[in-house]
Structures are given as C-alpha cells and as structure tokens.
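Summary of the model geometry
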Amino acid sequence: MIKVITYGTYDMLHYGHIRLLERAKALGDYLIVGITSDDYDKTRGKINLQQSLMERVEAVKATGLADEIIIEEYEGQKIDDIRRLNVDIFTVGSDWKGVFDYLNEYCKVVYLSRTEGVSSTEIREQKCAVNLGLVGDALFLNKFLIESKYVNGIHVNALYSDNSDLIKKMEGSEIIAITNDYDAFLSSVDAVYIRSLPHYHYEHIKKALKSGKHVLCESPMTLNRSQCEELFQLADSQGLILMEALKTAYATAYARLVLFVKGGKIGNVISINSTCTSIRDVDTKNEWNNIHEWGPTALLPILQILGTDFNECRIISRFREMGNDSYSKVDLLYDHAVGMLQTGDGFKAEGNLIISGSNGYIYVPAPWWKTDYFEVRHENQNENKRFFYQLDGEGIRYELVAFVRAINSGIMENDIARDVTLKIAEIMEKFDQQQGVICI
Ligand code: CTP
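Described in the following lines is the structure provided in the data block. Nothing here was measured: the structure is a model prediction, and the numbers come from that model.

For the coordinates displayed, the defined rule picks out 20 salt bridges. In this structure, Glu 375 engages Arg 377 in a salt bridge whose closest nitrogen and oxygen atoms are separated by 2.9 Å. A residue is classified by how much of its surface remains accessible, and Glu 375, at 12% relative accessible area, is buried. With a relative accessible area of 24%, Arg 377 lands in the partly exposed category. We note a salt bridge from Lys 423 to Glu 426, for which the minimum N-O separation is 3.2 Å. In this pair, Lys 423 and Glu 426 both sit in helix 14 (residues 418-432), three residues apart, roughly one turn of the helix. What makes Lys 423 buried here is its relative accessible area of 13%. A residue is classified by how much of its surface remains accessible, and Glu 426, at 27% relative accessible area, is partly exposed. Here the salt bridges do not stand alone but share partners, grouping Lys 143, Lys 247, Lys 370 and Glu 394 into one network.

On to the packing of helix 10 (residues 225-238) against helix 14, then. The geometry of helix 10 relative to helix 14 is characterised by a closest axis approach of 8 Å and an angle of 150° between their N-to-C directions. With respect to each other, helix 10 and helix 14 are oriented roughly antiparallel. Of the residues in helix 14, those touching helix 10 at Arg 225, Cys 228, Glu 229, Phe 232 and Asp 236 are Arg 418, Thr 421, Leu 422, Lys 423, Ala 425, Glu 426 and Glu 429. Among the residues making up the contact of helix 10 with helix 14, the classes are represented as four nonpolar, one polar and seven charged.

Burial analysis of strand 5 (residues 108-112) places four of its five residues in the buried class, the great majority of the element. Pairing between strand 4 (residues 89-93) and strand 5: five bridges, direction parallel. Bridged to Val 92 within strand 5 is Tyr 111.

Moving on: the sheet that holds strand 15 (residues 338-345). Here we have nine strands laid out as an open sheet, ordered 19-18-17-16-12-15-14-13-20, and mixed in their pairing. Lying at the two open borders of the sheet, with one neighbouring strand each, are strand 19 (385-388) and strand 20 (437-439). On average, adjacent strands in this sheet sit at an angle of 10° to one another, irrespective of strand direction. In terms of strand pairing, strand 13 (residues 312-319) meets strand 20 through three bridges, oriented parallel. Following the sheet pairing, Ile 316 is matched in strand 20 by Ile 438. The strands touched by helix 12 (residues 290-306) are strand 12 (269-278), strand 14 (325-333), strand 15 and strand 16 (353-357); relative to strand 15, the strand with the most contacts, the crossing angle is about 160°. Contacting strand 13, strand 14 and strand 20, helix 14 crosses the sheet at an angle of about 50° to strand 13.

Reading the values: rules and limits
- Residues numbered from 1 in each chain as written.
- Predicted model: local features only at pLDDT ≥ 70, side-chain atom pairs only at ≥ 80, totals over all residues.
- Heavy atoms only, no water.
- Salt bridge = Lys/Arg side-chain N within 4 Å of Asp/Glu carboxyl O.
- Buried < 20%, exposed > 50% of the residue type's maximum accessible area, 1.4 Å probe, protein only.
- Helix = DSSP H or I, 4+ residues; strand = E, 2+ residues; numbered from the N terminus.
- Axes fitted to C-alpha atoms, helices over the stretch in contact; angles between N-to-C directions.
- Parallel < 35°, antiparallel > 145°, perpendicular 65-115°, else oblique.
- Contact = heavy atoms within 4.5 Å.
- Nonpolar A, V, L, I, M, F, W, Y, C, P; charged D, E, K, R; others polar.
- Pairing = 2+ DSSP bridges.

So this is what it looks like as structure tokens:
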C-alpha cells in the first residue's frame, strides 16, 4: 500500500484544494491530510482565517478524499508524521516548490501544479473588504499601516493627519486620500482607527459613529466615563462596532495567561503588580500625560483578573513643569486583593508583571506588554512551568483581525469587556480631575 501525505490550511475550501486532494489521492492508495492548527497558522503569517480548525477539518472530511486527517501543530512535525505513519510520498502544490526538498531524506517529494486563479487569500479579501482610515499624528500609524498588510480583508485607504513627517512617510504607500478635512476623510472609509491625542478621541469617535463608520480607538477611549457610555450607546443604536485598541490584550501569551489564572492554577489571586515605563523621543511626548499613555496597558491585567469592582483607587503622581505627569503609581484595593501599577515616561524601572496567588505566582519578564513568554512558579520549584507563544507585530495584527471579524459578524468577541473600557475611562477621569491624587 502506498501512503501519501499532504498539508494545508484549507480555509473556505475551494476547487483548487479539491483538485489538489484528488491528484494527491491518485498518487497512491491511502491519503493522509494534515490540517494546520490556528496557532500554527498564526506563526506562518496566515491570519484572519474565516473558519475554525473544526470547520476546516469537517470541510476536508466532506470531500470524501481523505482516508485520515491529522492536525499540524508545530514546526518540524512533518518529519515526525512521515516516520510515524510510514509515509511513502509527500505532496503539496507547486507554490511550495523547493521548500520541502529536505523531506526527500524520508520519502518521495512531489510538487503538483497549483490551480490557477483561486486562493483562500483572494476569497477572504473579496468576502470582507473593509476600507480603513487612520486618524492621528503619531508615527506609530506607519507601523499600524505596515501591520495591516498581514491581515486579509482590510485595506488602509485614507489618512487624517496634520503631521508632515507622517504624511511624508505614508505618501509612498498606496493610501489614496491624505487629508486634514475630517468630513471628507470619513466619506472615503468604512471604518477608522483612531490614535489622536486622548482629549480628541471623544469628538473623533462621535463624528465617525454618526457618519456610520465602525471605530477602533486607542486606549483610553475617552477621559471620562459618561462620554464612554454615551459612545457605546451611540454605536449600539447605529449597529456599529466600537472597540478599544490595546494591543497587549491580543497577544496570544497574554490571553493564555489570563485564562490560566482564571482557571485557578495559582489559587486565589492576592496581588497583581504591573509596571510600564519608557524613556523615548516621542513626537507627542510633551503633550501626553504618562498615565494616559501607559495607564490603560498597566491596568489591563488588574481589571481583567481582579475585576472592575474595587473599593478604592489611590493615585500618586509626579508632575512635570508643564503640568503633565511623568510618573504615576495606582493602587486598586479589592475585598481580598490588591492591584498595583507603576507607569512612567522619562524614567526606567523593570517592566515586568507579577500575579501572585495562594498556590504560586506568574512572572512575565520585561517588557511584559509585548509578552510572548511567561513562567508559573511554585513553592516547589520542580512544579514550575514555562510557556511560550509566538508574538508577531506586537499584537497589532491580531487586534485588527478581531476588529474585521467583529465588523463582519456584528458581534464583539469581548477580548476587552466593556466594563474594563469604562473603568479605564473612569480612572483617567479621576486622575484628570485630581480627585484625591497625591502629588510628589
Ligand atoms: N492549492 C492548489 N491550488 C490553489 C490553491 C491551493 O493546488 N489554487 C494547494 C496548495 O498548494 C496546498 C493546498 O492546496 O498544497 C492547501 O493550500 P492552502 O494554503 O490551504 O490554500 P491557499 O488557497 O493557497 O491559501 P492561501 O491563499 O491562504 O495561501
């Protein structure tokens, strides 16, 4: 019996896939199809898959061509599979020509010609083409533009900005409209990503929602809780998506860490310490309050794990001459736990995250907000565990995928719950109004 194996993602199964499977089957007597897991696909740059792993498995099964289906989860697995399953022929489409020659050592490698004119990427692009406009002056928007290219179904086509350096950087790209007329800008897009100064967010979001555009806005969404509530109501009444952009929330390691803690693996959480600081030459440095810049990120694990129902919030800040803070420490006191965060711009501290519980603690090394790794530590160090999850593009591209998915399905997946967004706005409001803020 000749055993043949082939691998693929098989998102939105199309006739190119079926033709490949038919010819692969014809090479032997028994066909094994390896289907890539979602996590593995992320590391290969395939992003915004439309179907879950189970749906893709079901679709391949329904062709009746596979005698066996396996899941591909890690780099190097092909060699393992070929040996373990006694495979005679490895085959794949000619778009991979040469890439798998190294498998010749284990079995015969056959590249089958790829069917012209059809691909999952194209289908995804057609299915959910969203024109996205960028708002703001930060050079970060250029990074955002670069990251957007990894996500199928979204096209950055307009920029609303006054920053000539940014405009110069973006002029070479395929962005069609660069303008400082917000109405004209809004008329050319389906959705916007806002990274203007925080005190402009409210107006920018409101106008965009009123024009029927979906909004992804950098955190803090507003500097005032009631404005935030009003905007969510407006979005709901218009059937639009309003989502907070906080890229750390979309990093796989961070998301797994939260689930891990919620699963009770370190017992009852008693304290969370999160520190975010930077010394940098940001274009907007002088206009920003450090707490506006870093506070939402540092608050995220505390509010997501300990909840939004704390009893007291204490803020200690150090202010610059121009009136904005360069350092802030916030303590959130809960019934049986405490969340402590430190943020700073213009000084440097160890930017790690430590979540301590009755059964052990989680340690995320600096810079924890770009995390791809964490350790779970116990009293008995033999029980310690380390976890690593690939992080590409600092989480920006995964955040964009969540945004496009929400637009297409009309449902928010709740990576950042609304009460967390509202609470962040409330804490910013407390800071801005100097309610009980201790100055040092
Ligand atoms: N394939 C093919 N002809 C096509 C598309 C895919 O022969 N028009 C083959 C690929 O070469 C591979 C298998 O089908 O052996 C699974 O491909 P996969 O990467 O899942 O599909 P694509 O449509 O190429 O996906 P994408 O556009 O996301 O790269």
